[in-house]
Amino acid sequence: MLMSPKDVPCFNLGLLGELQQYNQSIQDCGGKILIRGGVHDIRYMVFASRTPGVFNLGGQLALFGRLIRNADRRALMHYAKMCIDSMASRIMHYDLPVVTISLVQGDAWVVASRQL
C-alpha cells in the first residue's frame, strides 16, 4: 500500500476514503490474492508513502480549524472515526494471519516526553 495524497501530504478525506476501500478489499478477499493465475495467501502487508521523505502524513489542519470554527462536532467526529478506522484495520492485521509492516523512509523524529 503506497499512500499518495493529493495536494498537501496529510490524511485528507480523499486519502482516508481510499484507505477504507483498500482495507475493506483485503478483508473481503479473505486474505487471498490472484497472482499469475493462482490464488495465494497474503502473508505480508507493507504500508509506505510515495511522498519523498514523509511517512506520517498527519491530520488535515485546515479542516480541523474550519470544523472547530464552525462548531461542526459531527463532521469532526466523522473525520476522527475515519482516521481511527483506517489504522485499526492494520493494527488488527485485517483479522487475518498476516504480518503488517510500516516502511518508514526519510527522517525519523522521536519526541521524548518527560514523566512527572
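Residues numbered from 1 in each chain as written. Predicted model: local features only at pLDDT ≥ 70, side-chain atom pairs only at ≥ 80, totals over all residues. Heavy atoms only, no water.

## Topic: the pairing of strand β4 (residues 44-49)
So, step 1. The sheet contact formed by strand β1 (residues 2-3) and β4 spans two bridges and is parallel. The partner of Leu 2 across the bridge, within β4, is Ala 48.
So, step 2. In this sheet, strand β5 (residues 99-102) lies alongside β4 in parallel orientation, the contact comprising four bridges. Bridge assignment links Tyr 44 to a residue of β5, and that residue is Val 99. (Pairing = 2+ DSSP bridges. Helix = DSSP H or I, 4+ residues; strand = E, 2+ residues; numbered from the N terminus.)

## Things to note about the packing of helix α2 (residues 61-69) against helix α3 (residues 73-91)
So, step 1. In contact at an axis separation of 8 Å, α2 and α3 are set at 150° when each is read in the N-to-C sense. One way to sum up the angle between α2 and α3 is to call them roughly antiparallel. When α2 is examined against α3, the residues Leu 63, Phe 64, Leu 67 and Ile 68 are found in contact with a partner set consisting of Ala 75, Leu 76 and Tyr 79.
So, step 2. Among the residues forming the contact of α2 with α3, the class breakdown is seven nonpolar, no polar and no charged. (Axes fitted to C-alpha atoms, helices over the stretch in contact; angles between N-to-C directions. Parallel < 35°, antiparallel > 145°, perpendicular 65-115°, else oblique. Contact = heavy atoms within 4.5 Å. Nonpolar A, V, L, I, M, F, W, Y, C, P; charged D, E, K, R; others polar.)

## Some points on the pattern of salt bridges
A side chain with one charge may pair with a side chain of the opposite charge, provided their charged atoms come close.
So, step 1. A complete count under the given rule lists two salt bridges for this structure.
So, step 2. Note that Lys 81 is salt-bridged to Asp 85, the shortest N-O span being 2.6 Å. Here Lys 81 and its partner Asp 85 are both found in helix α3, four residues apart, which amounts to about one turn of the helix.
So, step 3. Overall, Asp 85 belongs to the partly exposed group, its relative accessible area being 29%. (Salt bridge = Lys/Arg side-chain N within 4 Å of Asp/Glu carboxyl O. Buried < 20%, exposed > 50% of the residue type's maximum accessible area, 1.4 Å probe, protein only.)

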